[in-house]
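So the chains spell out like this:
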Amino acid sequence: MKVLLVGASGAVGSAVAQALAGRHEVISAGRSHGDHCVDVTSDASVEALFAATGKVDAIVCATGGMFFGPLAAMRPTDFDIGLQGKLLGQVRVALFGQHALNDGGSITLTTGIDEPILNAVNASAVNAGVEGFVRAAAMELTRGLRINAVSPTVMTESLPVYGPYFPGFESVPSKGASTAAPCSACKSPPPVAHV
Ligand SMILES: NC(=O)c1ccc[n+]([C@@H]2O[C@H](COP(=O)([O-])OP(=O)(O)OC[C@H]3O[C@@H](n4cnc5c(N)ncnc54)[C@H](OP(=O)(O)O)[C@@H]3O)[C@@H](O)[C@H]2O)c1
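The structure contained in this document is the topic of the report that follows. (Residues numbered from 1 in each chain as written. Predicted model: local features only at pLDDT ≥ 70, side-chain atom pairs only at ≥ 80, totals over all residues. Heavy atoms only, no water.)

Once that is clear, we can look at the overall build of the protein. Broken down by element type, the protein carries five helices and six strands. Traced from its N-terminal end to its C-terminal end, the protein shows the element sequence β-α-β-β-α-β-α-β-α-β-α. Evaluated residue by residue, the protein yields a buried proportion of 41% over its 195 residues. Considering only residue pairs separated by 6 or more positions, the protein has 68% of its internal contacts joining residues 24 or more positions apart. When the accessible surface of the protein is summed, it comes to about 9,900 Å², and 59% of that surface belongs to carbon and sulfur atoms. (Helix = DSSP H or I, 4+ residues; strand = E, 2+ residues; numbered from the N terminus. Buried < 20%, exposed > 50% of the residue type's maximum accessible area, 1.4 Å probe, protein only. Contact = heavy atoms within 4.5 Å. Areas by Shrake-Rupley, 256 points an atom, 1.4 Å probe, with all protein chains shown as cover.)

A word on helix 2 (residues 43-53). Restricting attention to buried positions, one finds in helix 2 the residues S45, V46, L49, F50 and T53. Burial along helix 2 is one-sided: seen end-on, the buried residues are contained in an arc of 135 degrees. Facing away from the buried side of helix 2, by more than 90 degrees, are the exposed residues A44, A51 and A52. Elements that come into contact with the buried residues of helix 2 comprise strand 1 (2-6), strand 2 (25-30), strand 3 (36-37), strand 4 (56-61) and helix 3 (76-97). The opening residue of helix 2, the one whose side-chain oxygen lies 3.3 Å from the backbone nitrogen of A44, is S42. Positive backbone phi, approximately 70 degrees, marks G54, located one or two places after helix 2. (Arc of directions from axis to C-beta. Polar contact = N/O pair within 3.5 Å; in protein donor to acceptor, adjacent residues only side chain to side chain.)

A few words now on the side chain of S106. Here S106 lies in strand 5 (residues 101-110). Ignoring sequence-local partners within four residues, the contact set of S106 consists of D57, A58, I59, L101 and R146.

Let us look at the sheet that holds strand 2. Read across the sheet, six strands follow the order 3-2-1-4-5-6 without closing on themselves; strand pairing throughout is parallel. Among the strands making up the open sheet, the edge pair consists of strand 3 and strand 6 (146-150). Pairing between strand 1 and strand 2: five bridges, direction parallel. Residue pairing in the sheet places L5 in a bridge with S28 of strand 2. Relative to strand 1, helix 2 is tilted by about 155 degrees, and along the sheet it contacts strand 1, strand 2, strand 3 and strand 4. Helix-sheet contacts for helix 4 (residues 121-140) involve strand 5 and strand 6, and the interaxial angle to strand 6 is about 160 degrees. (Pairing = 2+ DSSP bridges. Axes fitted to C-alpha atoms, helices over the stretch in contact; angles between N-to-C directions.)

Close to the ligand lie 29 residues; S9, S32, H33, M155 and S158 are nearest. S32 is positioned with one of its backbone polar atoms (N or O) 2.6 Å from an oxygen atom of the ligand. Between the ligand and D39 there is a distance of 3.0 Å, counted from a nitrogen atom to a side-chain nitrogen or oxygen. Taken by itself the ligand offers 890 Å² of open surface, and the protein chains cover 89% of this. When residues of the shell around the ligand are traced back to their parent elements, those giving at least two are helix 1 (11-20) and helix 3. Residues that form the shell around the ligand fall into these classes: eleven nonpolar, 15 polar and three charged. (Near = heavy atom within 4 Å. Nonpolar A, V, L, I, M, F, W, Y, C, P; charged D, E, K, R; others polar.)

This part is about the pairing of strand 2. Taking the sense of rotation as the criterion, the β-α-β connection linking strand 1, helix 1 and strand 2 turns out right-handed. Sheet topology note: the strand 2/strand 3 ladder contains two bridges and is parallel. Its bridge partner being in strand 3, G30 is matched across the sheet by C37. (Right-handed = clockwise from strand over helix to strand, strands pointing away.)

On the secondary structure map, K175 appears in the segment after helix 5 (159-162). Taking the C-alpha atoms as reference, K175 lies 9.0 Å from E157; in sequence the two are 18 residues apart. When residues no more than four places from it in sequence are discounted, the contact partners of K175 are Q18 and E157.

The description of two aromatic rings rests on the distance between their centres and on the angle between their planes. Tallied over the full model, the rule gives three aromatic pairs. Measuring from centroid to centroid gives 5.6 Å for F68 and Y162, while their planes differ by 50 degrees, and the two rings are tilted. Placement of the pair is F68 in the loop between strand 4 and helix 3 and Y162 in helix 5, with a sequence separation of 94 residues. Assessed through its relative accessible area of 15%, F68 is described here as buried. Among the aromatic residues, those joined into a ring-pair cluster are F68, Y162 and Y165. (Phe/Tyr/Trp six-rings, centres within 6.5 Å; stacked < 30°, edge-to-face > 60°.)

Structure, rendered in structure tokens:
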């Protein structure tokens, strides 16, 4: 199978890449690493990605920044980080990606822990948004296309970043070491904040 993996250099993406390597042809994409550079916050960039890859059998998206912080201090611009970076970014990949899939192909999006967690209102809402999109979109896909959301728990490798937000949660090792190199086509990463 030809699998497009967006976010292939990340903690989750590199584990997925390692799991698929050898069994499938994996095309990696990311903001500044991989076979293709793409900015999932841009329609034009995602359209260009699929124009470059041509038809694929599966699309996996493991991207998405979110805002972590207390509700009392949260501003709409903080909340927008997850809306644009994670929810709409993954939805954008799915919307354009459905037309790039061969019959029977699949789209896999990435949510996260779905229990309410302190200081993670943005993450909780955005993950629920991805879930809701997937549930409804699954009914409308044609040609045997499938869409799923996976919900990994916190990765052991990500504990230095996310650990303080997930007290009491058991982490899992990603087993994937990122070997991504900067995309040769990129002069510099797109100027998009990633949290
Ligand atoms: N890490 C965890 O413990 C964990 C647990 C559950 C769920 N998740 C979810 O899994 C997803 C990935 O998390 P992660 O921890 O693996 O993130 P990460 O390590 O920060 O990696 C993010 C990946 O996404 C790419 N990316 C970032 N912004 C992008 C953009 N605007 N356009 C295209 N690609 C972009 C990065 O590419 P470059 O390297 O090229 O910049 C990188 O490959 C997120 O939705 C997160 O909520 C993570």
